[in-house]
Amino acid sequence: MTTAGSFGSTAQGQESAGLPVPDRRTLNDYRLLVFGTDEYRRIAFVCECDDPSCGRSVILNRFEYEDLRREDKPVLFHAHSVHPRAEPLTTPQTAENDH
Ligand SMILES: [Zn+2]
C-alpha cells in the first residue's frame, strides 16, 4: 500500500505588479554590498544623474565609491550631472573690482 499524496508545489501568487523601481543610489549601495568584498575590485555602479533613462555604468572601486558617499556626492558618468556645481575651475564669480 503506497501513500499517493504528492502536493509539494503550491502555486505562489507573489507576483508584484506595481513594483517600485529602487532609486539608483539604493542600487549602488546594494552593488557595493554584493561586489565590494574585495577592496580593489572594480565595481560597475550606475550613473546617478538626473536623466531617468540613463543606464551608464560607472566603474569605481569601493574606496572611490565610499569617498563619494562620505561627501554625499552622486556617482556620475563622465559628463553627466545632477545640478550645476560651483567649481573654481573657471573664472571665479567673486566681484573683486580693484580699480
Ligand atoms: Zn547619467
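Worth saying up front: this structure is predicted, and the values here are computed from it rather than measured.

A few points about the overall build of the protein chain
Helix and strand counts for the protein chain stand at 2 helices and 2 strands. When the helices and strands of the protein chain are read in sequence order from the N terminus, they spell out α-β-β-α. Pairs at least 24 residues apart make up 38% of the contacts formed inside the protein chain by residues separated by at least 6 positions.

Side note on the environment of phenylalanine 45
Structurally, phenylalanine 45 is set in strand S1 (residues 43–46). When the C-alpha positions of phenylalanine 45 and tyrosine 30 are compared, they lie 9.7 Å apart, and in sequence the two are 15 residues distant. Setting aside chain neighbours within four positions, we find phenylalanine 45 in contact with Asn28, Arg31, Ser57, Val58, Leu60, Tyr65 and Val75.

Side note on the confidence of the model for the protein chain
With 63% of its residues at a pLDDT of 70 or more, the protein chain has an overall mean of 77. Note on residues 11–15: pLDDT is under 50 here. Beyond four places in sequence and across chains, it has 0 contacts.

As for the environment of tyrosine 30
The residue tyrosine 30 is located in helix H1 (residues 24–35) in this model. The class of tyrosine 30 is exposed, set by 11 C-beta atoms lying within 10 Å.

Section: unusual backbone geometry
Positive phi values are uncommon outside glycine, yet aspartate 72 reaches one of about 60°. Taking the C-beta count within 10 Å as the criterion, aspartate 72 has 6 such neighbours and is therefore assigned exposed.

Conventions we followed
- Residues numbered from 1 in each chain as written.
- Predicted model: local features only at pLDDT ≥ 70, side-chain atom pairs only at ≥ 80, totals over all residues.
- Helix = DSSP H or I, 4+ residues; strand = E, 2+ residues; numbered from the N terminus.
- Contact = placed C-beta atoms within 7 Å.
- pLDDT = per-residue confidence, 0-100.
- Buried ≥ 20, exposed ≤ 12 C-beta atoms within 10 Å, placed from the backbone.

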